[in-house]
Every structure is written in structure tokens, then in C-alpha cells.
Amino acid sequence: MHSQELTASAAVGRTATRGEMRKIVTASVMGTIIEYYDFTLYTTATALVFNKIFFPAESPLVGSLAAFATYFVGYCARPLGGILFGHFGDRIGRKFALMMTLIIMGLGTFLIGLIPPYAQIGVWAPIALVVLRCLQGIGIGGEYGGGMTMVVEHAPAERRGFYSSLVHIGVPAGFLLPIIFITLLNVALDEADFLRWGWRVPFLLSVVLLGVGMFIRSQIEETPAFKRMKREGTQAKVPVLEALRHHTRDVLLGIGAKIAESGLFNIYAVFAISYCVNVLGMKSQIILYGILLACLLECFTLPLFGRMADRFGKKRVYIGGMIAQALLAGPFMLMLASGQLPLIYLAIALGLAIGHGSTFGAQGAFFSSLFPARVRYSGLSLVQQIGPILGGGLSPMVATALLVSGEGYGWVIGYMIFMALFSATSAWRLRDAKME
């Protein structure tokens, strides 16, 4: 056997060194930042812009409800992306799939920035928005499973919670960048200019981030687990079917455990904006400052909860985070409804940095351990993309509908508690497995 073959063979199955892990984690984090930059632009624009320029209505809440419906459509497209790129990732390679998700997501976001308003092209404006929103959903649907699989398959077993939590920093960091852009534009422009052209700028700039992300991801290598499967020819023929057939319980309970993590995140970061602007009559940029601060704090709390997952167990930390969010639901809405800015900021910070951070910090390693390498990308993608349809995709719309119905925020509190306890129960029934 040649020396190069010996080196490659020795590399298969080993964990990465600390220096290699820094490179791998950086590539995955940057990819996640770019994906959630794109996704968060749509999220924030849904609450601030789209209800006015694409879905004009007499009631701001009714316009928001229509805009959040397109937000939900994007979530429905995510499983398709998870299945499609999970197949490529488990059959062809994790790296190839991750390069494709960036292209699709970046293209969809750039084109959204070019859509004319309803006043110019009528119904074609919301139709184009829905189509491109689906494109975004397909891209992000394939992103998470690959990025997380890339890290956990390289990482040492005793540090998987920590390293996987670093990947999740890309989510609040991805929230930070577009919110910074939109906040600055809100401050620099009057409302008319912001609605006419200002909101489009960060969408169009996504093409720059796409180029950066492609370069960074081109520098990383395939995982040892996939190299071993490819060498031995043991890839699953249809990974998603194998995951559903042989790991049905893990997929279903994983979806249930995911619902509240995604759903409550969008209550804290999306519904809160809409509520403060449309119900309390506050200026949007003031609330964006609170989201900005909370996302920054979560960048620091995520690795702390990741370390806790390595020390105390992934499952324990995840369930503890869900119970904490159930207890936080009432105080969160009371502080939000108070109209007092310090309390609103505190509510959002507690929700994102502590409530969401505690579950999200443990989630990557917890869910990745449920599936063997041959179907890990596909199985993880199913959990990560179907769960948010019932959680994050629905929660802003459901919470807004509860307010529109006149029932008040008490029902929103009940909805938040129900989600948290349902996901805690689902997580409790999952096994706390060791990854192969």
C-alpha cells in the first residue's frame, strides 16, 4: 500500500485534533451564520415590512397574519430540503450537500430583494415572495443536518456537546447581522424610504456572504465516518427511507422534542417584535435593540450549556431547559405586555439567552446521537425540519391569531407552556444514546 493510502486509511475513524476542530467548527459556524442571516432577514422583514408592501390590509395584525402565513410556507419547504440534501449527504458526501445548500439559500434571498411591491405588480408580488420563500426553506432544510453532522463526526466523544453548541452560535449570530443592518437602516431612513428601498439592501448584500461562505466551506474535508462508509461501500441506498423504517421512534420523538425549541424561539424573537409594534405601538427599532442584545448574550450562553451537556448529560440539560421555559412563559408575556422597555428587554434576554440557549446548547449532540452514520444526515434533517413546521413555522401565526381573536395574551402563555411541556415529555422518552 502506498504511503498516501496508508495516511488516508489511518485518518479514517480518528477524531480531529484541536487545531482541525477549530477549522471545522469555524466553517460550520460561518455556514450557519450565512444561512440564518438569510433566514432572519425574511423573519424580521415579515414582522416589519411585508405586511405593509406585499399584504396591504386595514388592520396591522391582519396584515401580519398574512405575512406570517408565507413565513409558515417556508417552514413547510424545509423537510423537502432535508430529504433531498440528506440523501446527497449520506450517499455522496456531507461537504457536497453543504455547498449546494449555500447556493440555493443565497440565491433565494438575493431575489427576494428584487421583488416589486404589491402596488406595482399586484398579486404577483406575494406569489413571487411565496416561491422564493420556498427556495429559502429548501436551502436551510438541508443545511442544519450537514453542518451538525460535519462537526459531531469529527469531534472527540467527550466534547461533542461543546463543539456542537458552537455550531449553534451561528443562529443568534446570524440573527445579529441582519438585525444590525435593519436597525441602522431604520435609524438612518424615514419610514417611507425604508419601506420603499431600505429594507432591500441587506437582502441584496447576501450575495457577498454567499461568496465568503463558499470559500470557507471549500477548505474543509469530508468526515472520517463518511470516508469509512465510502471505502467500505456501506452507504444506505435510500437513507431517508431507512431512517423512517428502522428509526421511526427516534424520528417521531425527536420531532416532538424539537417543536418547542423552534416554536418558543420565534415567540421570543419574531412574535415579540410584532406584538410590541402592532399592539403596544412601539417603534420597531427600539424592539430590535432588545433582540440584538439577547442574541449577543446567547452567543455566550450556548457553549456554557454545551459544556453542561457533556458533563451532566445531553438529555438532562435539554429537558431542564424545556421545564425552565414553561416556567418562564407567564413572566415573559407579563413583562412584554407591561410596555416598560427595561422589562421587555429582560423578557427577550431571558427567553433567548437562558430559555432557548439551554435547549439549543444541548440539542446538536443529543439529536445526532440518535442515528447511525449511514443515515445520520437524513435522520437529523427529518427531526430538525419537520419539528419546526409544528413549532417555529406556526408559533408566530398562532400567537398572533390568539390576539386577533380577542382572547388576549393569557392564551399565548398557555400555548407556550403547552409547547414546552410537550417537548419535555418527548425528550424524556428519547434514549440518551452514545454516538457510534
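Note that the structure is a prediction, hence the values are computed from the model and not measured.

A closer look at the overall build of the chain
Turning to step 1, where the next piece is worked out: A tally of helices and strands in the chain yields 20 helices and 0 strands.
Turning to step 2, where the next piece is worked out: Against the globule reference of 22 Å for 436 residues, the chain gives a C-alpha radius of gyration of 21 Å, in line with a compact fold.
Turning to step 3, where the next piece is worked out: Taken along the three principal axes of its C-alpha coordinates, the chain extends 75 × 45 × 35 Å.
Turning to step 4, where the next piece is worked out: About 16,500 Å² of surface is accessible on the chain, with carbon and sulfur atoms providing 69% of the total.
Turning to step 5, where the next piece is worked out: One way to put it: in the chain the 34 positive side-chain charges average out to a point 6 Å from where the 23 negative ones average out.

Examining helix α6 (residues 124-152)
Turning to step 1, where the next piece is worked out: Taking 1.5 Å as the rise per residue, α6 with 29 residues should run 42 Å; its terminal C-alpha atoms sit 43 Å apart, in good agreement.
Turning to step 2, where the next piece is worked out: With 22 of 29 residues buried, α6 lies mostly within the body of the structure.

Regarding a nonpolar patch on the surface
Turning to step 1, where the next piece is worked out: A grouping of F181, W197, V201, L205, V207, V208 and V212 is seen on the molecular surface, where their side chains present a nonpolar patch of about 550 Å² in accessible area.
Turning to step 2, where the next piece is worked out: If one sorts the elements of the nonpolar patch by residue count, helix α11 (residues 206-217) sits on top with 3 residues.
Turning to step 3, where the next piece is worked out: With respect to the helices and strands, the residue V207 is situated in helix α11.
Turning to step 4, where the next piece is worked out: On the basis of relative accessibility, which here comes to 42%, the residue V207 falls in the partly exposed class.

Remarks on the state of the cysteines
Turning to step 1, where the next piece is worked out: Applying the stated rule across the entire model yields 0 disulfides.
Turning to step 2, where the next piece is worked out: Looking at C299, it has no disulfide partner, and the nearest cysteine sulfur is the one in C295, 7.2 Å off.
Turning to step 3, where the next piece is worked out: Judged by its relative accessible area of 13%, C299 falls in the buried class.

A word on the domain arrangement of the chain
Turning to step 1, where the next piece is worked out: Taken domain by domain, the chain consists of domain 1 (15-232) and domain 2 (239-429).
Turning to step 2, where the next piece is worked out: Here domain 1 and domain 2 have C-alpha centroids that lie 18 Å from each other.
Turning to step 3, where the next piece is worked out: Here domain 1 is connected to domain 2 by 1 salt bridge.
Turning to step 4, where the next piece is worked out: One salt bridge connects E153 with R376, and the closest N-O pair in it is separated by 2.8 Å.
Turning to step 5, where the next piece is worked out: Counting across the domain 1 and domain 2 interface gives 12 residue pairs in polar contact (both at pLDDT 80 or more).
Turning to step 6, where the next piece is worked out: Top contributing element to the side of domain 1 that touches domain 2 by residue count: helix α3 (residues 60-91), with 20 residues.
Turning to step 7, where the next piece is worked out: Of the residues assigned to the side of domain 1 that touches domain 2, the class counts are 34 nonpolar, 18 polar and 8 charged.

Regarding the environment of I255
Turning to step 1, where the next piece is worked out: Counting through the fold element by element, I255 comes out in helix α14 (residues 248-278).
Turning to step 2, where the next piece is worked out: The exposure class of I255 is buried, given its relative accessible area of 10%.
Turning to step 3, where the next piece is worked out: I255 sits 59 residues away from K314 along the chain, and the two C-alpha atoms are 16 Å apart.

So, the environment of S218
Turning to step 1, where the next piece is worked out: By the secondary structure assignment, S218 is in the loop between α11 and α12 (224-232).
Turning to step 2, where the next piece is worked out: Separated by 120 residues in sequence, S218 and L98 place their C-alpha atoms 9.7 Å apart.
Turning to step 3, where the next piece is worked out: Apart from residues lying up to four places away in sequence, S218 is in contact with K95 and M99.

Considerations on the nonpolar core
Turning to step 1, where the next piece is worked out: Counting 126 residues, the largest nonpolar core has F50 and F332 as its most contacted members.
Turning to step 2, where the next piece is worked out: The biggest single contributor to this core is α14, with 17 residues.
Turning to step 3, where the next piece is worked out: Split by domain, the residues of this core number at least three in each of domain 1 (15-232) and domain 2 (239-429).
Turning to step 4, where the next piece is worked out: Those residues in contact with F332, other than ones at most four positions away along the chain, are I267, Y268, A272, A347, I348 and M416.

Points about the pattern of salt bridges
Turning to step 1, where the next piece is worked out: Taken as a whole and assessed by the stated rule, the structure comprises 10 salt bridges.
Turning to step 2, where the next piece is worked out: The salt bridge involving R94 is made with E153; its shortest N-O contact spans 2.7 Å. You can see R94 sitting in helix α4 (residues 94-112) and its partner E153 sitting in the loop between α6 and α7 (160-168), a full 59 residues away along the chain. We note that R94, like E153, is buried.

Cut-offs applied
Residues numbered from 1 in each chain as written. Predicted model: local features only at pLDDT ≥ 70, side-chain atom pairs only at ≥ 80, totals over all residues. Heavy atoms only, no water. Helix = DSSP H or I, 4+ residues; strand = E, 2+ residues; numbered from the N terminus. Rg over C-alpha atoms; globule rule 2.2 N^0.38 Å. Areas by Shrake-Rupley, 256 points an atom, 1.4 Å probe, with all protein chains shown as cover. Lys, Arg positive; Asp, Glu negative; His and termini not counted. Charge placed at Lys NZ, Arg CZ, Asp CG, Glu CD. Expected span 1.5 Å × (residues − 1). Buried < 20%, exposed > 50% of the residue type's maximum accessible area, 1.4 Å probe, protein only. Patch = residues over 30% accessible without salt bridge, like charges linked within 9 Å, V, L, I, M, F, W, Y side chains within 5 Å. Salt bridge = Lys/Arg side-chain N within 4 Å of Asp/Glu carboxyl O. Disulfide = S-S within 2.5 Å. Domains from an automatic or database assignment. Polar contact = N/O pair within 3.5 Å; in protein donor to acceptor, adjacent residues only side chain to side chain. Nonpolar A, V, L, I, M, F, W, Y, C, P; charged D, E, K, R; others polar. Contact = heavy atoms within 4.5 Å. Core = buried A, V, L, I, M, F, W, Y, C linked by side-chain atoms within 4.5 Å.

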